Amino acid sequence: MSKMPSKILIIDSDAGIAGPINEPLDKMGIEVFSASDLQTALYRYNKQFFRVVFVQLNFDELDGLSLIQKFRCHQIDEKRRAGFVIMNSSPISDEKMALCNELGRMQMVSKPLSIGPLISQIQKAYQTHVKLELTYKIKKEIVDRMEADNDVREAIKSAHDFKKPLGDEYIPLVLDLYGQCGDYEEGLNLLKQMPDNTMEPLQKLNLMGQFNLKMGNFAEARKSFEEADAIAPKNIERISSMIDLYLEMKAPEMAVEKQKEVLDMNPDQPDMKFDMFQRLDEAGFSDEAVDFCQDTTGPREVVKFYNNKGVVMAKTASLDDAVKEYERALLYYPNNKNNYQIHYNIGLAYARMKKSTKIQLAIEHLELCLQQKDDFEKAKTLLDRIGHLKKTA
């Protein structure tokens, strides 16, 4: 097997950073792809399979560590195990260094890039990728066997047999096995008994937080998560767990603050905020959902999003579910002048249900639609048709 990749991706705000290294790497059979903006970086990573990726720490549109975390959570499984190299030209803050250590499995190189150190980092990153592939296969085989046999003890014994090739992944795998079978107390006890040098300290705090959260020990979970978060902010996985925790603790304001952090770290996914509003609403915090929505989203965007989502659901799912989506727009902006579109689509959905109780609701929403926009011909036509059918019935 080759010890070098056939191509690498370099993500840096400086579009010319790869210029001096293109020719020497090309002679070595390594093709260099570059991206100087977030859209291009995501496009290249999504469209091709890179085993080694260089990322600027202080990338303009999204800091490099957040971008690496996005790649490691890619929807395509095979793309989650690239070897990453952080590029930096200035001193790294304590917080970013702590997050680098916590995330692990990455190299660092100084800018400007020079071919000697660069080749060394490419080799190390490629070796990281190869090791990640190997440990993934081992872990998957053990987890699949445990799920088939429902025997966590045998799975842990298998993990111990592969302790050496698993390396740093051994302890997290054992803890993951306990978590997957719901034996959180056993996993937590193992964590507490571990010597401090057994695993990265922040990773240990995260796992203690996750096990305590699963067990309903919210105070202990909060202590672990917040201690780690203060040392190394912007760990997306931890922030997501903290959102779960704060909602369980009935602390929606704290959950919203963390949701905003996640939103800031995903500028390419602005629509994810709508899932956040829904999460708050379904957890019983409608007022906070409304406030969060109005702080981040204009009424026109709300109407457009829920109109489009409702229309798709009306065609592919159930009409009841479509109505629920339309009604979210009314919840977040009840007095919006563009709500006539929402009322029309709700009326249309109720009319398509062809039930007497729903027909009356359809009429009510169409009348509300026309109160807001009395020249909306589609609503007039539908209302006349429903009225005629009601009289005939």
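Preceding this paragraph is the structure being described.
Predicted model only: the values in this text are computed from it and were never measured.

Caption draft 1: Highlighting the packing of aromatic side chains. This model, assessed by the stated rule, comprises 13 aromatic pairs. Ring plane angle 15° and centroid distance 3.8 Å describe the contact between Tyr45 and Phe71, whose orientation is recorded as stacked. You can see Tyr45 sitting in helix α2 (residues 38-47) and its partner Phe71 sitting in helix α3 (residues 64-72), a full 26 residues away along the chain. Overall, Tyr45 belongs to the buried group, its relative accessible area being 2%. By relative accessible area, Phe71 is classed as buried at 2%. Ring plane angle 10° and centroid distance 6.1 Å describe the contact between Phe71 and Phe84, whose orientation is recorded as stacked. Residue Phe71 is located in helix α3, and its partner Phe84 is located in strand β4 (residues 83-88); the two are separated by 13 residues in the primary sequence. Each member of the pair, Phe71 as well as Phe84, is classed as buried. Following the ring pairs from residue to residue traces out a cluster consisting of Phe274, Phe277, Phe292, Phe305, Tyr306 and Tyr332. Looking at Arg81, its charged tip hangs above the ring of Tyr136, at a distance of 3.7 Å from the centre. The ring of Tyr340 carries the charged tip of Lys373 above its face, separated from the ring centre by 5.6 Å.

Caption draft 2: Structural context of α2. For α2, the complete set of buried residues consists of Leu38, Ala41, Leu42 and Tyr45. Looking down the long axis of α2, one finds its buried residues gathered within 95° of arc, a one-sided arrangement. Turned more than 90 degrees away from the buried face of α2, the exposed residues are Gln39, Tyr43 and Lys47. A distance of 3.2 Å separates the backbone nitrogen of Gln39 from a side-chain oxygen at the start of α2, and that oxygen is part of Asp37.

Cut-offs and rules
- Residues numbered from 1 in each chain as written.
- Predicted model: local features only at pLDDT ≥ 70, side-chain atom pairs only at ≥ 80, totals over all residues.
- Heavy atoms only, no water.
- Phe/Tyr/Trp six-rings, centres within 6.5 Å; stacked < 30°, edge-to-face > 60°.
- Helix = DSSP H or I, 4+ residues; strand = E, 2+ residues; numbered from the N terminus.
- Buried < 20%, exposed > 50% of the residue type's maximum accessible area, 1.4 Å probe, protein only.
- Lys NZ or Arg CZ within 6 Å of the ring centre and 35° of its normal.
- Arc of directions from axis to C-beta.
- Polar contact = N/O pair within 3.5 Å; in protein donor to acceptor, adjacent residues only side chain to side chain.

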